[in-house]
There are 2 protein chains.
Amino acid sequence: MNIQSKGYALKQRPAGTPTLDCFELKTEIISEINDGQIIIKNLWLSVDPYMRGRMSDAESYVPPFQLGEIMQGSAIGEVIESKHPEFNVGDKVNSMLGWREYAVSNGEMVQKLPETSLPEQSFLGVAGMPGLTAWVGLNIIAELKEGETVLVSAASGAVGSLVCQFAKLKGCRVIGNAGSTEKVEWLKSLGVDAVINYKDYRNAAELEAALAEHCPNGVDVCYENVGGDHLEAALNLLNRYGRMAVCGMIDLYNLADAKAGPNNLANIVKKSLKIQGFIVSDHWEHYPNYVAQLSQWAAEGKVHWKETTRHGIESTPEAFLGLFKGENIGKMLIQL
Amino acid sequence: MNIQSKGYALKQRPAGTPTLDCFELKTEIISEINDGQIIIKNLWLSVDPYMRGRMSDAESYVPPFQLGEIMQGSAIGEVIESKHPEFNVGDKVNSMLGWREYAVSNGEMVQKLPETSLPEQSFLGVAGMPGLTAWVGLNIIAELKEGETVLVSAASGAVGSLVCQFAKLKGCRVIGNAGSTEKVEWLKSLGVDAVINYKDYRNAAELEAALAEHCPNGVDVCYENVGGDHLEAALNLLNRYGRMAVCGMIDLYNLADAKAGPNNLANIVKKSLKIQGFIVSDHWEHYPNYVAQLSQWAAEGKVHWKETTRHGIESTPEAFLGLFKGENIGKMLIQL
């Protein structure tokens, strides 16, 4: 048996925004596997903004991708051969062995999908890392309470769109910002109280003024995915004892040079703010409860999500680059 | 009975660093008091950096000083006349009726000093607001644990010098920065593991490099009093899950224009940092325990403090301005 498996390696580290020539398509040949191993045929690959960090060799919470090696990322696949006692052919699994068509594994860090009525690719999005990220940031990090006002940046993304809905389900007022008319309309259709298109505003002051119109009682919780002007506006809008869960700063990921931060950090003292970054992998203990709650909400029609799907392994780099151009509504996926 | 009481009113709001012409000496005449009132003769006045905020009319956690009215601040005084059932002539009291020689009060917000062996003026410093600020920031906000490494900015100030000592008493490694050789030497004599003079460094990068030499295992907790370059250096030095208690940003208090923030806020995400501002008045429930603990430490010679004392009501504005020039070691006081 010989399987030809295409996958993408990191060819060079990007300076600034990644480009297609950072990636190199490689073909691996998979033949015999040993006792204790399985072969996974990937069905769905995930690309996520955090991967930009792993393309650099700076110290971070996850180790950098190695040059010349196939990259990693979440993927949903099917076991097509097994010499491992815990996996059977036909099992659907979630692994970090993405950016490739097939993978050999000893089963470590490979999870069988739980029994739910959720579609398999949702375990890369709403029922996976982005979903739990939304839930943990809002409830554990930002300690959201019923009836509070929540501000969400990158509100139409895989994480942001769930943050908006989870906050609404908790009886909160939710204000989102997103980057296109289509995204704004979709979020409004989900019941988000107010949504602005940040591209209509030239700087932090204009953005703040636009958001302020929709926050007559200020903001109690900010779910921050972006940084930059959004962060600066949020610091001014937050109420005393406001909390900011910092999930990402996509604005900063592609900067070759450091960019000055917001000029209003004194708000942290003036208003006794809490600003906290987090990484979802520190909070997986909430995952079983989260998936149970999500399945129920989904069955009741209370949570909705969108997917932006590209097709074929060759579409993976462009799908990833599209994240930084705002090409996705909801989760960006590659179907193989 | 007619008492002439001199005090300082706010004459004009400062743009940038306050100057002497922001203050106006006024004389009030105190004559008869009514039932339920007391007359306090102030013995010690406190000036503190946070008062700069009250000189502006921007929204803050404490209301602004009113133009033309005698300013407020902590003071230790003696009751010299009482028509109030709970106060007797001779009682030593702590009040917010500072910036003046005498005050009339109905007893609200006036506390009798607890019975301790601590000197009366210490209730403006180590046994008062600055002391509790140090303790709360370190233990409640930054959740300091034994054996961690702590970085303290403005380490020789009324708050900072206690932060250093409380952290040492908890078995931590402590690195301070201060602004003169004398301050550095004093902190070293208190057992602080390493102290740098921040005036020897021209920017955040140099400051960071100097501090890094003394933090081989990084920094777990930063007690931030300054902002600016100190904050930027600290964000780079903090370890994963680091906590920053933001007590003040004295660097920013006197800026007429907003100043760009640190360029490395992405560390908040990368390292899952918690950055939290606080105001000690939200944490007074810890005060009785704190004073009990402090009294014991002081009796055992485990906590030391310095006072920088000016004399006479007329010295009050200059004492206050001196805070921003680093003229104080430990608590800045005015003895009347």
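- The name given to chain A in an unreviewed UniProt entry is NADP-dependent oxidoreductase, and the organism recorded there is Vibrio rumoiensis 1S-45.

### Things to note about the overall build of chain A
- Looking only at helices and strands, chain A features 10 helices and 15 strands.
- Whereas a compact globule of 336 residues would reach a radius of gyration of roughly 20 Å, chain A reaches 20 Å, a difference of no more than 12%.
- Principal-axis analysis of the C-alpha atoms places the extent of chain A at approximately 65 × 45 × 35 Å.
- For chain A, the residues scored as buried account for 56% of the 336 residues in total.
- Carbon together with sulfur atoms contributes 46% to the accessible area of chain A, which is approximately 13,800 Å² in total.

### Re the relation of the copies chain A and chain B
- If you rotate chain A by 180° and push it 0.0 Å along the axis, it lands on chain B with an RMSD of 0.0 Å. Taken together, the rotation and translation relating the two chain copies correspond to the operation of a two-fold axis. Every residue of chain A has its C-alpha some distance from the rotation axis, and the shortest such distance is that of A:G261, at 2.1 Å.
- A high fraction, 100%, of the interface residues of chain A reappear at the interface in chain B, so the copies pair face to face through one surface.

### Side note on the packing of aromatic side chains
- Applying the stated criterion across every chain yields a total of 16 aromatic pairs over all chains.
- Ring geometry for B:W99 versus B:F320: centroids 5.9 Å apart, planes at 65°, classification edge-to-face. Linking B:W99 in the loop between β5 (92–95) and β6 (102–105) with B:F320 in helix α10 (residues 316–323), this pair joins segments that are 221 residues apart in sequence. Here B:W99 matches B:F320 in class, with each residue buried.
- Between B:F320 and B:F324 the ring centres are 5.3 Å apart and the planes differ by 85°, which places this aromatic pair in the edge-to-face class.
- Residue B:F320 is classed as buried on the basis of its relative accessible area, which comes to 0%.
- What links up through ring pairs into an aromatic cluster is the set A:F23, A:W99, A:F320 and A:F324.
- It is A:K112 that lies over the ring of A:F87; its NZ or CZ is 5.6 Å from the centre.

### Quick look at the domain arrangement of chain A
All names here are of chain A.
- Domain parsing of chain A yields domain 1 (3–125 + 305–335) and domain 2 (129–281).
- Just the C-alpha atoms count here: the centres of domain 1 and domain 2 sit 29 Å apart.
- Interface area for domain 1 against domain 2, summed over the two sides, is near 1,500 Å², with a carbon-plus-sulfur share of 65%.
- The interface formed by domain 1 and domain 2 contains zero salt bridges.
- The interface formed by domain 1 and domain 2 holds three residue pairs in polar contact (both at pLDDT 80 or more) in total.
- Residue classes in the side of domain 1 that touches domain 2 are distributed as 11 nonpolar, six polar and four charged.

### Re the pairing of strand β10 (residues 194–197) of chain A
Residue and element names in this part refer to chain A.
- Residues A194 and I196 of β10 are buried on one face, and the alternating residues V195 and N197, pointing to the opposite face, are buried as well.
- The pairing of strand β9 (residues 173–178) with β10 spans four bridges and is classified as parallel. Looking across to β10, one finds that N177 is bridged to I196.

### Side note on the sheet that holds strand β12 (residues 238–246) of chain A
- Spatial ordering of the open sheet is given by β10(A)-β9(A)-β8(A)-β11(A)-β12(A)-β13(A)-β13(B)-β12(B)-β11(B)-β8(B)-β9(B)-β10(B), a layout of 12 strands whose pairing is mixed. Two strands bound the open sheet, and with one partner strand each, they are β10 of chain A together with β10 (194–197) of chain B. The average undirected angle you get between the axes of adjacent strands in this sheet is 15°.
- Packing of helix α2 (residues 129–141) of chain B onto the sheet brings it into contact with β8 (149–152), β11 (219–224), β12 (238–246) and β13 (274–277) of chain B, and relative to β11(B) it is tilted by some 145°.
- Relative to the sheet, helix α4 (residues 181–189) of chain B contacts β9 (173–178) and β10 of chain B, its axis offset from that of β10(B) by approximately 175°.

### Here we look at unusual backbone geometry
- Even without glycine at this site, A:W99 takes up a positive phi of about 65°.
- Classification of A:W99 as buried rests on a relative accessible area of 1%.
- Even without glycine at this site, B:Y241 takes up a positive phi of about 65°.
- For B:Y241, a relative accessible area of 38% translates into the label partly exposed.

### Re the packing of α2(B) against helix α3 (residues 160–169) of chain B
All names here are of chain B.
- Interhelical geometry of α2 versus α3 gives an angle of 50° and a closest axis separation of 9 Å. By the criterion of interaxial angle, the relationship of α2 to α3 is oblique. Between α2 and α3 the crossing geometry is right-handed. Judged by residue contacts, G131, A134, W135 and L138 of α2 engage L162, V163, F166 and A167 from α3.
- Residue composition of the contact of α2 with α3, grouped by class: seven nonpolar, one polar and no charged.

### Digging into the pattern of salt bridges
- Counted according to the given criterion, the structure contains 26 salt bridges over all chains.
- The salt bridge involving A:E120 is made with A:K92; its shortest N-O contact spans 2.7 Å. With A:E120 in the loop between β7 (111–112) and α2 (129–141) and A:K92 in strand β5 (residues 92–95), this pair connects stretches of sequence that are 28 residues apart.
- For the salt bridge of B:R13 with B:D57, the shortest nitrogen-to-oxygen distance reads 4.0 Å. Separated by 44 residues along the polypeptide, B:R13 in the loop between β1 (3–10) and β2 (23–30) and B:D57 in the loop between α1 (51–55) and β4 (75–82) bring together distant segments of the chain.
- The partly exposed category is assigned to B:R13, whose relative accessible area is 26%.

### Points about the interface of chain A and chain B
- Residue-level contacts link 31 residues of chain A with 31 residues of chain B.
- Our count for the contact surface shared by chain A and chain B stands at two salt bridges.
- Salt-bridge contacts for B:D282 lead to A:R240; the nearest nitrogen and oxygen are separated by 3.7 Å.
- Viewed at the interface, chain B and chain A are joined by eight residue pairs in polar contact (both at pLDDT 80 or more).
- Elements with a minimum of two residues in the side of chain A that touches chain B: β12, α8 (267–270) and β13 (274–277) of chain A.
- Tallying contributions element by element places β13(A) first for the side of chain A that touches chain B, with four residues.
- The class makeup of the residues in the side of chain A that touches chain B is 18 nonpolar, seven polar and six charged.
- Examined bridge by bridge, β13(A) and β13(B) share three bridges and lie antiparallel to one another.

### Describing the side chain of B:K183
- Along the polypeptide, B:K183 turns up in helix α4.
- Sequence-distant contacts of B:K183, defined by excluding residues within four places in its chain, comprise B:S156, B:A178, B:G326, B:N328 and B:I329.

### Description of helix α6 (residues 228–237) of chain A
- Here α6(A) lies mainly inside the structure; eight of its 10 residues are buried.
- Residues of α6(A) that are buried include every one of A:G228, A:H230, A:L231, A:E232, A:A233, A:A234, A:L235 and A:L237, and no others.

### Here's the deal with helix α10 (residues 316–323) of chain A
- Across the eight residues of α10(A), seven count as buried, placing the element largely inside the fold.
- Turning to α10(A), its buried residues are A:T316, A:P317, A:A319, A:F320, A:L321, A:G322 and A:L323.

Calculation notes
Residues numbered from 1 in each chain as written. Chains lettered and ligands numbered in written order. Predicted model: local features only at pLDDT ≥ 70, side-chain atom pairs only at ≥ 80, totals over all residues. Heavy atoms only, no water. Helix = DSSP H or I, 4+ residues; strand = E, 2+ residues; numbered from the N terminus. Rg over C-alpha atoms; globule rule 2.2 N^0.38 Å. Buried < 20%, exposed > 50% of the residue type's maximum accessible area, 1.4 Å probe, protein only. Areas by Shrake-Rupley, 256 points an atom, 1.4 Å probe, with all protein chains shown as cover. Least-squares fit on C-alpha atoms with pLDDT ≥ 70 in both. Contact = heavy atoms within 4.5 Å. Phe/Tyr/Trp six-rings, centres within 6.5 Å; stacked < 30°, edge-to-face > 60°. Lys NZ or Arg CZ within 6 Å of the ring centre and 35° of its normal. Domains from an automatic or database assignment. Buried area = accessible area lost by both parts, 1.4 Å probe. Salt bridge = Lys/Arg side-chain N within 4 Å of Asp/Glu carboxyl O. Polar contact = N/O pair within 3.5 Å; in protein donor to acceptor, adjacent residues only side chain to side chain. Nonpolar A, V, L, I, M, F, W, Y, C, P; charged D, E, K, R; others polar. Pairing = 2+ DSSP bridges. Axes fitted to C-alpha atoms, helices over the stretch in contact; angles between N-to-C directions. Parallel < 35°, antiparallel > 145°, perpendicular 65-115°, else oblique. Left-handed = near helix turned anticlockwise from the far one by under 90°.

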